[in-house]
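Here is how the chains run, residue by residue.
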Amino acid sequence: MNLNRLFTKSALIALFLTLFSVMNAFSQTLTITTSVCTSANEVRMTGPFWQWNPTGGPVAVSNGDGTWTFTFNPAPAADMEYILIVDGVQEDLISDMQNGGTCAPLTDYFSYANRKWVVGSGDVNISYDRCVPCSYPDIVITTEVCSAVTSVRLTGPIWQWNPNYGPAAVSNGDGTYTFTISPAPNDTLEYLLVKDGVVENLIQEMVNGGGCAPITDNSTYANRRWLLGEGAVSNTYGQCGACGGTSLTQMDLPVTFEGTTVEYGVIGFEGAQASTIEVDPTNAANTVVKVVKSATAQPWAGTTITAAAALGLATPIPFTSTNKSMKLRVWSPDAGITVRLKVEEHGDPTHKVETDAVTTESGQWETLTFDFANQVTGTDVINLAYTYDKPSVFFNYGVNGATAGEKTYYFDDLKMFTQAASGLQITVDVCSIAANEVRMTGPFWSWDPTAGPFAVNNNDGTWTFTLDPVPTADMEYLIIVNGVQESLISDMQNGGNCAPVTDFFGYANRKWVVGSGNVFISYDRCVPCSYPNIVITTEVCTPATTVKLTGPNWQWNPNFGPTAVSNGDGTYTFTISPAPNDTLEYLLVKDGVVENLVQEMVNGAGCAPITDYSTYANRRWLLGQGAVANTYGRCSPCSVGIGELTDNDLVVFPNPTNTSVNVISEFTIEKIEVYSMLGELISTKNTTSNEVNVELQNLASGVYTFNVFANGGMKTVRVIKN
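Just so you know, these numbers come straight off a predicted model, no measurement behind them.

Caption draft 1: Layout of the pairing of strand E1 (residues 30–35). Inspection of the sheet shows E1 paired to strand E4 (residues 67–72) by six bridges, in the antiparallel sense. By the bridge assignment for E4, Thr33 is matched with Thr69. Pairing geometry for E1 and strand E9 (residues 124–127), over four bridges, is parallel. When the sheet's bridge partners are listed, Thr34 is paired in E9 with Ile126.

Caption draft 2: View of the sheet that holds E9. Reading across the sheet, the four strands line up as E3-E4-E1-E9 and stay open at both edges, with mixed pairing between neighbours. At either end of the open sheet lies a strand with only one pairing partner, and these are strand E3 (61–62) and E9.

Caption draft 3: Representation of the nonpolar core. Ranked by size, the top nonpolar core spans 36 residues in total, and within it Val255, Ile317, Phe319, Met326, Phe372, Phe395 and Phe411 carry the most contacts. Among the elements that line this core, the one with the most residues is strand E30 (residues 407–416), at four residues. Excluding residues that lie within four positions of it along the chain, Phe395 makes contacts with Val291, Lys293, Ala301, Val330, Trp331, Ile337, Thr338, Val339, Tyr409, Tyr410 and Phe411. Of all hydrophobic cores here, the second largest spans 20 residues; its members include Val43, Met80, Tyr82 and Trp117.

Caption draft 4: Region of interest: unusual backbone geometry. Look at the link from Asn73 to Pro74: it is a cis peptide, with omega at 5 degrees. Within the secondary structure, Pro74 sits in the loop between E4 and strand E5 (80–86). Note the cis peptide between Leu253 and Pro254, where omega equals -10 degrees. In this fold, Pro254 is placed in the loop between strand E19 (249–250) and strand E20 (262–263).

Caption draft 5: A look at the state of the cysteines. Here the structure, examined in full by the defined rule, presents seven disulfides. In this model Cys37 forms its disulfide with Cys134; the gap between the sulfur atoms is 2.0 Å. Classification of the bridge connecting Cys37 and Cys134 rests on its S-S torsion, roughly -80 degrees, and on that basis the disulfide is left-handed. One end of the pair, Cys37, is in the loop between E1 and strand E2 (43–46); the other, Cys134, is in the loop between E9 and strand E10 (139–144), with 97 residues separating them in the sequence. Classification of Cys37 by relative accessible area gives partly exposed; the value is 33%. Here Cys212 engages in a disulfide with Cys240; their sulfurs sit 2.0 Å apart. Residues Cys212 and Cys240 are joined by a disulfide whose S-S torsion is about -65 degrees; by sign, that bridge is left-handed. Placement of Cys212 in the loop between helix H3 (203–207) and strand E16 (215–216) and of Cys240 in the loop between strand E18 (233–236) and E19 is noted, with a sequence separation of 28 residues between them.

Scoring rules and cut-offs
Residues numbered from 1 in each chain as written. Predicted model: local features only at pLDDT ≥ 70, side-chain atom pairs only at ≥ 80, totals over all residues. Heavy atoms only, no water. Pairing = 2+ DSSP bridges. Helix = DSSP H or I, 4+ residues; strand = E, 2+ residues; numbered from the N terminus. Core = buried A, V, L, I, M, F, W, Y, C linked by side-chain atoms within 4.5 Å. Buried < 20%, exposed > 50% of the residue type's maximum accessible area, 1.4 Å probe, protein only. Contact = heavy atoms within 4.5 Å. Disulfide = S-S within 2.5 Å.

What follows is the structure, encoded as structure tokens:
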């Protein structure tokens, strides 16, 4: 095998003479007309026909109207790969292809993207340096950043969610930065902003009712979206409102101190001035109020729950004749101290009522109940005619700092006390949906979606049905939120058990059994709202009408599994919500045909690890694995040629190995991908050499799959690491 095969000058001349002698046998004339979106003095072409020499290819003729025409007479007799050059600048179509373009199909979407003319396809009209006409608009995104910053970028699926791959914005010198994406993509653009390498997190913004990141499950992701034709966009890094805070709303019950769209605030006084909203030291996902009662604090040192304007809550505390109690979570270093809660009218501090509770825990969180029907002796009685809207919290009330010494306390989650109700309570977490109405339906109500009972909003994301008297027979039911009835069929197919009245295909209904007590459920799913989804993005190499999943969860029936949504670019996305609670074995189904990956695995691939290498080869998603990308019917992307490298073209040794392997090819190696036997990409090595050494010493012992790209093709080799 000759590893350094080179064409001689005479061989190249012979090749071109042969090419043009064949071309002369054709009478077809090919014209390629290029629109140049700016003024130009010279338009040329380059490609492998001209050894990629930027001055070796033909020169176009100006038509005097902003277009230039190349004429090939006769037309090439073979497919022609090429790129345009205007005034010495070669076009770069990589980002266009990443954005869903099709004009440069010879691409790895990262380092090159070349045009291709196919024999017999006729004349061509194109635009220099873009896949769309010159008249197609740009996207202009202006981003406000609320603090000092060095760089602002974009990231998203077209940049593999890498915070360094997306375009960088230009500073406007006034705290705003502008991205110009030229041209705009020809489909929806999903993205997030990146400030100094940190990708913004908008989940809590969406949970709090923001609308700037509509691609979200309100739990694990929240992404921005630009829609085709939307025009220029203005936004703010890390939040849905402007930096000035004018979009913040006044806090109200329940007061949770979570999120950035509510103007939470606290004001400490009389020795508790060190009252701040901070991350919970016992739970980094939670936000609480920290109160330091100093060594010089007065016995009545406390903290008022209010923003700077001292307006307190947006609406009065909803005391009633039957409910005059509130709850507050507290953390104290000592048990047995008095915690006082006072509520007053922000406009009239003489309208007030105070009550006490005593801690029973030290060094951990507990929830205290404050009953204002039992006011502190010598203080005002609660008056339901008053509009109490400003609460204050006093830790270790009645003891000064000189006696107690400096102490640190925490509090969180001020809300109304929920009184125990008679009857059956079914509480529904609506999974951060902005719900206006929650109802129930079932055979008791003839499955009429408007006939069943309403739930009561608990103002904490949950709603409660109270059925009084308690049903005397088992009750089959489903939940309806904002008119949409939940569907639990796929949950049951995925191994759920919350809807036992089911045929796993046409219906899946919940069931309450007499004597089983109260119920807490999540709308439209069998697991808590916080449980993640699976997102599987599948590339299909030829046109498809439908793409589905099949597997043991769907009895291997090609029609039973979920259907993917087309992304309009040859890829399809499945969202399995929620993810199953165990391994998911599956195969892809295109237009009713189940993929067969047996030969792929025999050839050394790793995408279908559940296999006997003879009769079956199935894909596998592991619990916690996250999002998955794959290609129907194969273990490699559509852009990778199959079978163009043979055993005679490639040597991998030593195999097995302890530390590293050498990969030697007769052709220039472009890239080597290393996969685990679970199909997970471990590393990618780009190269322009015929001989590459790949280090494995940091990997665990086992079997690894190498995809070696060369000569426009790929070969898969299985490597054993001892």
